[in-house]
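Survey of secondary and tertiary structure
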Amino acid sequence: MGKYPEALTEYKKSLAMRLKVYGTEKPHPDVAGSYNNIGSLYYSMGKYPEAITEYKKALNVYSACQMHDDGSECKAIISSLMLKCKKMRKKGSKGRRRRITAKPRNQKGKGRQGKK
């Protein structure tokens, strides 16, 4: 699984430092980058709801900084993740589906007999 927990700790330290340097009053693109990195890590870990939360934070900062290209990328990633989460919930609610195989038509006693 890699060293995701250690990486997450380091990304969060980086975010804390950037917030300390730039503050929270005026948004800064580096802070958005930190949120984006954390979101990417969660995505890699398969923790999609957490990734969405971090990407939304990045999107809010990018939007406040009027960085529309980076904001558009965040929107695309968020949309993709929301679809994945929806599919996972849908699959989870129905349980595992059993594969049903069709019976050959020309076997005796099973299905319709083939004409010769």
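Below: a short report on this structure. The model shown is predicted, which means the values in this text are computed figures rather than measured ones.

Here is what the cut-offs are and how they apply
- Residues numbered from 1 in each chain as written.
- Predicted model: local features only at pLDDT ≥ 70, side-chain atom pairs only at ≥ 80, totals over all residues.
- Heavy atoms only, no water.
- Helix = DSSP H or I, 4+ residues; strand = E, 2+ residues; numbered from the N terminus.
- Contact = heavy atoms within 4.5 Å.
- Salt bridge = Lys/Arg side-chain N within 4 Å of Asp/Glu carboxyl O.
- Buried < 20%, exposed > 50% of the residue type's maximum accessible area, 1.4 Å probe, protein only.
- Axes fitted to C-alpha atoms, helices over the stretch in contact; angles between N-to-C directions.
- Parallel < 35°, antiparallel > 145°, perpendicular 65-115°, else oblique.
- Left-handed = near helix turned anticlockwise from the far one by under 90°.
- Expected span 1.5 Å × (residues − 1).

1. Some remarks on the side chain of S34
Structurally, S34 is set in helix α2 (residues 29–45). Those residues within four positions of S34 in sequence are excluded, and the remaining contacts are S14, L15 and R18.

2. Observations concerning the pattern of salt bridges
For the coordinates displayed, the defined rule picks out 2 salt bridges. Here K13 makes a salt bridge to E10, at a shortest N to O gap of 3.5 Å. Separated by 3 residues within a single helix, K13 and E10 lie in helix α1 (residues 4–22), roughly one turn from each other. When its relative accessible area of 46% is taken as the criterion, E10 is described as partly exposed. Between K57 and E54 there is a salt bridge whose closest N-O contact spans 3.4 Å. With K57 and E54 both in helix α3 (residues 48–64) and 3 residues apart, the pair spans about one turn of that helix. On the accessibility criterion, E54 (10% relative accessible area) is buried.

3. Points about the environment of S44
Tracing the backbone shows S44 in helix α2. S44 sits 40 residues away from Y4 along the chain, and the two C-alpha atoms are 8.6 Å apart.

4. With respect to the packing of α1 against α2
For the pair α1 and α2, interaxial distance at closest approach is 9 Å and the crossing angle is 165°. Between α1 and α2, the angle is such that the two are roughly antiparallel. Of the two possible hands of crossing, α1 and α2 adopt the one that is left-handed. Here Y4, A7, L8, Y11, K12, S14, L15, R18, L19 and Y22 of α1 lie close against α2, whose contacting residues are D30, V31, G33, S34, Y35, N37, I38, L41, Y42, S44 and M45.

5. Considerations on α3
Helix length check: α3 (17 residues) gives 24 Å between terminal C-alpha atoms against 24 Å at 1.5 Å per residue, within 8%. If you check which residues of α3 are buried, you get Y48, A51, I52, E54, Y55, A58, L59, V61 and Y62. Just beyond α3, the residue with positive phi is Q66, at close to 60°.

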